[in-house]
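A closer look at the structure
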Amino acid sequence: MTDAPMAGEGLPPAGAWAPLEDVGEFITVAGPVYVSTERLDPGEPARYGLRIMRHHCNGLGNCHGGMLATFLDLAMACGLYAAGGIDRNLPTITMTLDYLAPALLGDWIESRVAIVHRTRRMAFVQATLSGRDGPVIRGNAVFRIRPAG
């Protein structure tokens, strides 16, 4: 297995997917991650996607659990921000997750984010990441909302 990406590797499926930008250097290195505001479920702020590439995988060719957790955390925080009215700096206070199935090299993984409850200082968010065969990971998190500015 070589570290060099293949032509087209990491690209989203056809549709209205744009690269997610301005989320920090870590996600730039770990990604690329994409965002879409089409085909949203009611109340869903945005959808996030990730093509599983070699640098996301363990030695068995499965996406590393830490990468899936990172993507889940990012999708929930970015979904909360996309819902509007808050500053982008959203520290994760707590996050729980359940690994449901493996994500394999080349799979496209997509988020479904729901904001469960929001107060002036806290937000409770849940999400599922799914691939071609169904859910891969689900979780929920509490984020600290900081005053805008």
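These numbers were taken from a predicted model, which means no experiment stands behind them.

**A short note on the sheet that holds strand S4 (residues 92–99)**
- With antiparallel pairing, seven strands are arranged side by side in an open sheet as S1-S2-S3-S5-S6-S7-S4. Across the chains shown, the open sheet's two edge strands, defined by having one partner strand only, are strand S1 (18–19) and S4.
- Taken together, the three bridges between strand S3 (residues 47–51) and strand S5 (residues 108–118) define a ladder with antiparallel strand orientation. Following the sheet pairing, Arg-51 is matched in S5 by Trp-108.
- Docked against the sheet, helix H2 (residues 65–82) engages strand S2 (33–36), S3, S4, S5, strand S6 (122–131) and strand S7 (134–144), running at close to 55° with respect to S7.

**Some thoughts on the pattern of salt bridges**
- If you walk through the whole model with that rule in mind, you get eight salt bridges.
- The partner of Glu-44 in a salt bridge is Arg-47, with the nearest N and O atoms 2.7 Å apart.
- According to the relative accessible area criterion, Glu-44 is buried, its value standing at 7%.
- Sharing partners across several salt bridges, the network here consists of Arg-39, Asp-41, Glu-44, Arg-47, Glu-110 and Arg-112.

**Thoughts on the nonpolar core**
- Counting residues in hydrophobic clusters, the biggest one holds 35 residues, and the most contacted among them are Tyr-48, Phe-71 and Phe-143.
- Elements represented by at least two residues in this core include exactly helix H1 (25–30), S2, S3, H2, S5, S6 and S7.
- A total of ten residues in this core trace back to one element, the largest contributor, which is H2.
- Apart from residues no more than four positions distant in its own chain, Phe-143 is found in contact with Asp-73, Met-76, Ala-77, Leu-80, Leu-90, Pro-91, Thr-92, Ile-93, Arg-121, Met-122, Ala-123 and Val-125.

**Things to note about H2**
- Across its 18 residues, H2 extends 25 Å between first and last C-alpha, which sits within 8% of the 26 Å expected from 1.5 Å per residue.
- The complete set of buried residues in H2 reads Met-67, Leu-68, Ala-69, Phe-71, Leu-72, Leu-74, Ala-75, Met-76, Ala-77, Cys-78, Gly-79 and Leu-80.

**A word on the environment of Gly-65**
- Tracing the chain through its elements places Gly-65 in helix H2.
- Between the C-alpha atom of Gly-65 and that of Ala-103, which follows or precedes it by 38 residues, the distance is 9.2 Å.

**Let's talk about the confidence of the model for the protein chain**
- Per-residue pLDDT for the protein chain averages 88, and the proportion of residues at 70 or more is 91%.
- Mean pLDDT across the elements of the protein chain bottoms out in H1 (81) and peaks in S4 (98).
- pLDDT under 50 marks residues 1–8. Its contacts with residues more than four places away, or in other chains, come to five contacts.

**Side note on the side chain of Glu-44**
- Here Glu-44 is to be found in the loop between S2 and S3.
- A distance of 2.7 Å separates a polar side-chain atom of Glu-44 from the backbone nitrogen of Asp-41.
- A distance of 2.7 Å separates polar atoms of two side chains, one belonging to Glu-44 and the other to Arg-47.
- For Glu-44, the contacting residues outside a window of four places in its chain are Arg-39, Ser-111, Arg-112 and Val-113.

**A word on the packing of aromatic side chains**
- All told, the structure shown has two aromatic pairs when counted by the stated rule.
- Ring centres 5.0 Å apart and planes at 75° place the aromatic pair Trp-17 and Trp-108 in the edge-to-face group. Highlighted residues: Trp-17 in the segment before S1 and Trp-108 in strand S5, separated in sequence by 91 residues. Trp-108 matches Trp-17 in its accessibility class, with the two residues each being buried.
- Aromatic pair Tyr-34 and Trp-108: ring centres 6.1 Å apart, planes at 45°, arrangement tilted. Here the residue Tyr-34 occupies a position in strand S2, and Trp-108 occupies one in strand S5, the gap between them amounting to 74 residues. In this pair, the class of Tyr-34 matches that of Trp-108, namely buried.

Rules used in this analysis
Residues numbered from 1 in each chain as written. Predicted model: local features only at pLDDT ≥ 70, side-chain atom pairs only at ≥ 80, totals over all residues. Heavy atoms only, no water. Pairing = 2+ DSSP bridges. Helix = DSSP H or I, 4+ residues; strand = E, 2+ residues; numbered from the N terminus. Contact = heavy atoms within 4.5 Å. Axes fitted to C-alpha atoms, helices over the stretch in contact; angles between N-to-C directions. Salt bridge = Lys/Arg side-chain N within 4 Å of Asp/Glu carboxyl O. Buried < 20%, exposed > 50% of the residue type's maximum accessible area, 1.4 Å probe, protein only. Core = buried A, V, L, I, M, F, W, Y, C linked by side-chain atoms within 4.5 Å. Expected span 1.5 Å × (residues − 1). pLDDT = per-residue confidence, 0-100. Polar contact = N/O pair within 3.5 Å; in protein donor to acceptor, adjacent residues only side chain to side chain. Phe/Tyr/Trp six-rings, centres within 6.5 Å; stacked < 30°, edge-to-face > 60°.

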